[in-house]
Amino acid sequence: MREQEDDIRPGRLLVATPTLEDPNFRRGVVLVVDHDPGEATLGVVLNRPTEVAVGQILPAWAGLADCPDVVFQGGPVGLDSALALAHLPGTGEPLGWRALDGVPALARIGLVDLDGPPELLAGELASFRVFAGYAGWGADQLRSELAEGTWYVLAAEPADVFTAAPERLWQAVLRRQGGDLAFVATYPEDPSLN
C-alpha cells in the first residue's frame, strides 16, 4: 500500500478495482492532475462522457474538442464548474496552459485556462477535452481507499486522456498491464451472473 501511495503524482492513473461499487467511480479511470502529499489529491474521471456537447456550455471552445466532442463528468465534486486538459506538441508553454508536473510521459499534457480566449491556444492544440467537475480526496481518505484495495495506481499514456473510446478505457488500461491485472480486465460486470 505504501508503494502505491508513494507513486501518486500528477499524470498517474487511479483505476478502480472491480469491487468498487460507488457509481461515481465504478470501473473508473481517474487521471491525477494535482497531488500534495499529506494534503489532497485532485483528478478527473477520463471515461464518463455525458451527452452534453462542449458547444452547449463553452461555445468559444466547441470547435477544439476531440471526438467525442462532449463534456465528460470529471467527478462528483464541483459539477457546476469546468476544467480542460490539452495536449500541446513542441516545447513552449503558451499563455493559458500549464503542464502537469509529475510524469515525463505526459509532460505535454496540461490544464487549460477556460477563462482565457481560445485563440491563444487554438493553433497549438493537438488534443483538447472538457470536464465538468472533478474527483477529490483528502490525504487520509485516499490512503484509506488504497489500503482497502479500492484503486490500482498505474502509469498513464497520453492516448488515455483523449481516447475516442472512453467506454473501453478501463479494460484497455488493465489489459496492457499484463499478468494478473490483464486478467482483471475480463472481470464480468455482474459476477453473480457468471
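Residues numbered from 1 in each chain as written. Predicted model: local features only at pLDDT ≥ 70, side-chain atom pairs only at ≥ 80, totals over all residues. Heavy atoms only, no water.

Asker: Got a sec to walk through the overall build of the protein? Specific residues and values, please.
Answerer: Secondary structure summary: the protein contains seven helices and 10 strands in total. By the compact-globule yardstick of 16 Å for 194 residues, the protein fits well, its C-alpha radius of gyration being 16 Å. Its C-alpha atoms put the protein at 50 × 35 × 30 Å along the principal axes. In the protein, which comprises 194 residues, the proportion classed as buried is 46%. Residue pairs at least 24 apart in sequence account for 66% of intrachain contacts in the protein once pairs closer than 6 positions are excluded. A total accessible area of about 9400 Å² is found for the protein, and carbon and sulfur atoms account for 53% of it. Averaged over its 13 positive side-chain charges, the protein has a centre that lies 6 Å from the centre of its 28 negative ones. (Helix = DSSP H or I, 4+ residues; strand = E, 2+ residues; numbered from the N terminus. Rg over C-alpha atoms; globule rule 2.2 N^0.38 Å. Buried < 20%, exposed > 50% of the residue type's maximum accessible area, 1.4 Å probe, protein only. Contact = heavy atoms within 4.5 Å. Areas by Shrake-Rupley, 256 points an atom, 1.4 Å probe, with all protein chains shown as cover. Lys, Arg positive; Asp, Glu negative; His and termini not counted. Charge placed at Lys NZ, Arg CZ, Asp CG, Glu CD.)

Asker: Break down the packing of aromatic side chains for me, citing the residues and quoting the values.
Answerer: Scanning the model with the defined rule gives five aromatic pairs in all. An angle of 55° between the planes, with centres 5.9 Å apart, marks the rings of Phe-72 and Phe-131 as tilted. Here the residue Phe-72 occupies a position in strand β5 (residues 70-73), and Phe-131 occupies one in strand β9 (residues 127-138), the gap between them amounting to 59 residues. Phe-131 matches Phe-72 in its accessibility class, with the two residues each being buried. (Phe/Tyr/Trp six-rings, centres within 6.5 Å; stacked < 30°, edge-to-face > 60°.)

Asker: Describe helix α4 (residues 139-147), and please don't skip the residues or the numbers.
Answerer: Count 3.6 residues to each turn of an α-helix, and residues three or four apart come out pointing the same way. Those residues of α4 that sit buried are Ala-139, Leu-142, Glu-145 and Leu-146. Each buried residue of α4 sits inside an arc of 140° when the element is viewed along its axis, so together they form one side. For α4, exposure combined with an orientation more than 90 degrees from the buried face picks out Asp-140 and Ala-147. Gly-149 sits one or two positions beyond α4 and adopts a positive phi of about 80°. (Arc of directions from axis to C-beta.)

Asker: Run through the nonpolar core, naming residues and quoting values.
Answerer: Soluble globular proteins tend to pack their nonpolar side chains together in the buried interior. Core analysis: the largest hydrophobic core is formed by 41 residues, its most contacted members being Leu-14, Val-15, Leu-31, Leu-46, Leu-85, Trp-151 and Leu-174. Looking at this core, the element that brings in the most residues is strand β2 (residues 29-35), giving five residues. Once residues lying within four places of it in the same chain are set aside, the contact partners of Leu-31 are Gly-11, Arg-12, Leu-13, Leu-42, Gly-43, Val-44, Leu-46, Leu-85, Leu-100, Leu-106, Ala-156 and Val-161. (Core = buried A, V, L, I, M, F, W, Y, C linked by side-chain atoms within 4.5 Å.)

Asker: I'd like a description of unusual backbone geometry, backed by residues and values.
Answerer: Looking along the chain, the bond that leaves Cys-67 and enters Pro-68 is cis, with omega of 0°. Along the chain, the position of Pro-68 falls in the loop between α2 (54-57) and β5.

Asker: Now, about the pattern of salt bridges: what can you tell me, with residues and values included?
Answerer: For the structure shown, the criterion picks out seven salt bridges. One salt bridge in this structure joins Arg-26 and Glu-21, with 3.5 Å as the shortest N-O distance. The partner of Arg-176 in a salt bridge is Asp-160, and the shortest N-O contact between them spans 2.6 Å. Placement of the pair is Arg-176 in the loop between α6 (169-175) and α7 (179-184) and Asp-160 in helix α5 (residues 158-161), with a sequence separation of 16 residues. Residue class for Arg-176 comes out partly exposed when judged on its relative accessible area of 31%. Linked through salt bridges whose partners overlap, the residues forming this network are Asp-7, Arg-9 and Arg-12. (Salt bridge = Lys/Arg side-chain N within 4 Å of Asp/Glu carboxyl O.)

Asker: Can you tell me about the pairing of β2, naming the residues and giving the values?
Answerer: Walk down a regular strand and you will see the side chains alternate between the two sheet faces. Taking burial as the measure, the seven residues of β2 include five buried ones, the bulk of the element. Summarising the sheet, β2 and strand β3 (residues 40-45) pair through five bridges and their orientation is antiparallel. Its bridge partner lying in β3, His-35 is registered against Thr-41. Linking β2 to β3, which pair antiparallel, is a turn of four residues; within it Gly-38 sits at a positive phi near 85°. (Pairing = 2+ DSSP bridges.)

Asker: Which residues make up the environment of Gly-55, and what values do they have?
Answerer: Structurally, the position occupied by Gly-55 is in helix α2. On the basis of relative accessible area, Gly-55 is assigned to the partly exposed category, the value being 30%. With 19 residues separating them in the primary sequence, Gly-55 and Gly-74 have C-alpha atoms 17 Å apart.

Asker: Please give an account of the confidence of the model for the protein that cites residues and values.
Answerer: Mean pLDDT over the protein stands at 91; residues scoring 70 or higher make up 94%. Confidence, expressed as mean pLDDT per element, reaches its minimum in the protein at helix α1 (residues 2-6) with 58 and its maximum at β5 with 98. (pLDDT = per-residue confidence, 0-100.)

Asker: An account of the side chain of Thr-17 is requested, with residue identities and associated values reported.
Answerer: Note on placement: Thr-17 falls in the loop between β1 (12-16) and β2. When residues no more than four places from it in sequence are discounted, the contact partners of Thr-17 are Gly-149, Thr-150, Trp-151 and Tyr-152.

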